[in-house]
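Chain residues, written in single-letter form:
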Amino acid sequence: MQKLIGTLFLLFSSSFIHANNLQYEQLSASTQTITFHEKSDQAASYIEYAAVADSVTWLINMSRRMEKYIPDLIEREEFLRTVYYEAIRAGLDPQLVLSIIQVESGFKKYAVSHAGARGYMQVMPFWTGVIGHQDHNLFHLRVNLRYGCTILRHYLNKEKGDYFRALGRYNGSLGEAAYPQLVFNKWQTVWRYSAS
């Protein structure tokens, strides 16, 4: 009997990890992408950016919009290259990722929420043990964006492309309209972009 209870506890605890209103659910194989042992805070290089971008137009355009949030040109371009690279890598719109970052952290690298979420994309620390490595620093630019984009991709897959529900899951507010609507508003106004 004790062995059965122990087995049930392990099954239950491995299926759900709660943090505030967020919960972890097993990632699909297509979103289990945090296998790198990145410990540095290094941005995506121009070579990595060029491998996924058609031109530098997006970078120039977004850099102008970002100036008030990240005044230093080098830091701003490193940030934007990394956002673009990690978003495309996860099959996400980079402008959506910028919208989430604006709403979640206001572009503050060292932001910490009342629930303990960290960095630009406000990633909960439990994710390091679930989909990455305990030694990953969630305040590192590349690490934070890789986790945030991977988690959002997971929720989009789970919700079959429903952005409203996926954003609710990402924020831990599934079923409430305020957070998804705020992100949608930023996506359609502040960060709207057309290559033409």
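Residues numbered from 1 in each chain as written. Predicted model: local features only at pLDDT ≥ 70, side-chain atom pairs only at ≥ 80, totals over all residues. Heavy atoms only, no water.

**Observations regarding helix 8 (residues 163-171)**
An α-helix turns once every 3.6 residues. As a result, residues three or four positions apart point the same way.
Here is step 1 of the chain: Ala166, Leu167, Gly168, Arg169 and Tyr170 are the residues of helix 8 that are buried.
Here is step 2 of the chain: Between a side-chain oxygen at the N-terminus of helix 8 and the backbone nitrogen of Phe164 the separation is 3.0 Å; the capping residue is Asp162.
Here is step 3 of the chain: Where helix 8 terminates, the next one or two residues include Gly172, which has phi positive at roughly 75 degrees. (Buried < 20%, exposed > 50% of the residue type's maximum accessible area, 1.4 Å probe, protein only. Helix = DSSP H or I, 4+ residues; strand = E, 2+ residues; numbered from the N terminus. Polar contact = N/O pair within 3.5 Å; in protein donor to acceptor, adjacent residues only side chain to side chain.)

**Quick word on the pattern of salt bridges**
Here is step 1 of the chain: Scanning the model with the defined rule gives 5 salt bridges in all.
Here is step 2 of the chain: Salt-bridge contacts for Glu86 lead to Arg142; the nearest nitrogen and oxygen are separated by 2.8 Å. Of this pair, Glu86 sits in helix 4 (residues 73-89) while Arg142 sits in helix 7 (residues 141-158), and the two are 56 residues apart along the sequence.
Here is step 3 of the chain: Judged by its relative accessible area of 7%, Arg142 falls in the buried class.
Here is step 4 of the chain: Connected through shared salt-bridge partners, Glu48, Glu86, Arg142 and Arg146 make up one network. (Salt bridge = Lys/Arg side-chain N within 4 Å of Asp/Glu carboxyl O.)

**Comments concerning the packing of helix 5 (residues 94-105) against helix 8**
The relative placement of two packed helices comes down to the angle between their axes together with the axis-to-axis distance.
Here is step 1 of the chain: Packing of helix 5 against helix 8 brings their axes to within 13 Å, and their N-to-C directions diverge by 40 degrees. In terms of orientation, helix 5 lies oblique with respect to helix 8. Note that helix 5 runs across helix 8; the crossing there is right-handed. On the side of helix 5, the interface is formed by Leu96, Ile100 and Glu104, while helix 8 contributes Tyr163, Leu167, Tyr170 and Asn171.
Here is step 2 of the chain: Looking at the contact of helix 5 with helix 8 residue by residue, the class counts come to 5 nonpolar, 1 polar and 1 charged. (Axes fitted to C-alpha atoms, helices over the stretch in contact; angles between N-to-C directions. Parallel < 35°, antiparallel > 145°, perpendicular 65-115°, else oblique. Left-handed = near helix turned anticlockwise from the far one by under 90°. Contact = heavy atoms within 4.5 Å. Nonpolar A, V, L, I, M, F, W, Y, C, P; charged D, E, K, R; others polar.)

**Here we look at the packing of helix 4 against helix 7**
Here is step 1 of the chain: Packing of helix 4 against helix 7 leaves a shortest axis separation of 9 Å and a crossing angle of 30 degrees. Classified by the interaxial angle, the pair formed by helix 4 and helix 7 is roughly parallel. As for how helix 4 packs across helix 7, the hand of that crossing is right-handed. Of the residues in helix 7, those touching helix 4 at Glu78, Phe79, Thr82, Val83, Tyr85, Glu86, Ala87 and Arg89 are Leu141, Arg142, Leu145, Arg146 and Cys149.
Here is step 2 of the chain: Tallied by class, residues from the contact of helix 4 with helix 7 come to 7 nonpolar, 1 polar and 5 charged.

**Side note on the nonpolar core**
Here is step 1 of the chain: Core analysis: the biggest nonpolar cluster contains 47 residues, and Phe79, Leu98, Ile100, Ile101, Met121, Trp127 and Tyr170 have the highest contact counts within it.
Here is step 2 of the chain: Elements with a contribution of two residues or more to this core: helix 3 (57-66), helix 4, helix 5, helix 6 (126-131), helix 7, helix 8 and helix 9 (178-188).
Here is step 3 of the chain: Take this core: its biggest share by element is 9 residues, from helix 7. (Core = buried A, V, L, I, M, F, W, Y, C linked by side-chain atoms within 4.5 Å.)

**Some details on the packing of aromatic side chains**
Here is step 1 of the chain: Following the criterion strictly, the structure yields 11 aromatic pairs and no others.
Here is step 2 of the chain: Between Phe79 and Tyr120, the ring centres sit 4.9 Å apart and the planes meet at 55 degrees, which makes this aromatic pair tilted. Here Tyr120 lies in the loop between helix 5 and helix 6 and Phe79 lies in helix 4, a separation of 41 residues in the sequence.
Here is step 3 of the chain: What makes Phe79 buried here is its relative accessible area of 1%.
Here is step 4 of the chain: A residue is classified by how much of its surface remains accessible, and Tyr120, at 4% relative accessible area, is buried.
Here is step 5 of the chain: Aromatic ring contacts, followed pair by pair, group Tyr69, Phe79, Phe107, Tyr120 and Trp191 into a single cluster. (Phe/Tyr/Trp six-rings, centres within 6.5 Å; stacked < 30°, edge-to-face > 60°.)

**Thoughts on helix 9**
Here is step 1 of the chain: If you check which residues of helix 9 are buried, you get Tyr179, Pro180, Val183, Phe184 and Trp187. Along the long axis of helix 9, the arc covered by the buried residues comes to 130 degrees, so they all point the same way.
Here is step 2 of the chain: Residues of helix 9 that are buried in the fold lie against helix 5 and helix 8. (Arc of directions from axis to C-beta.)

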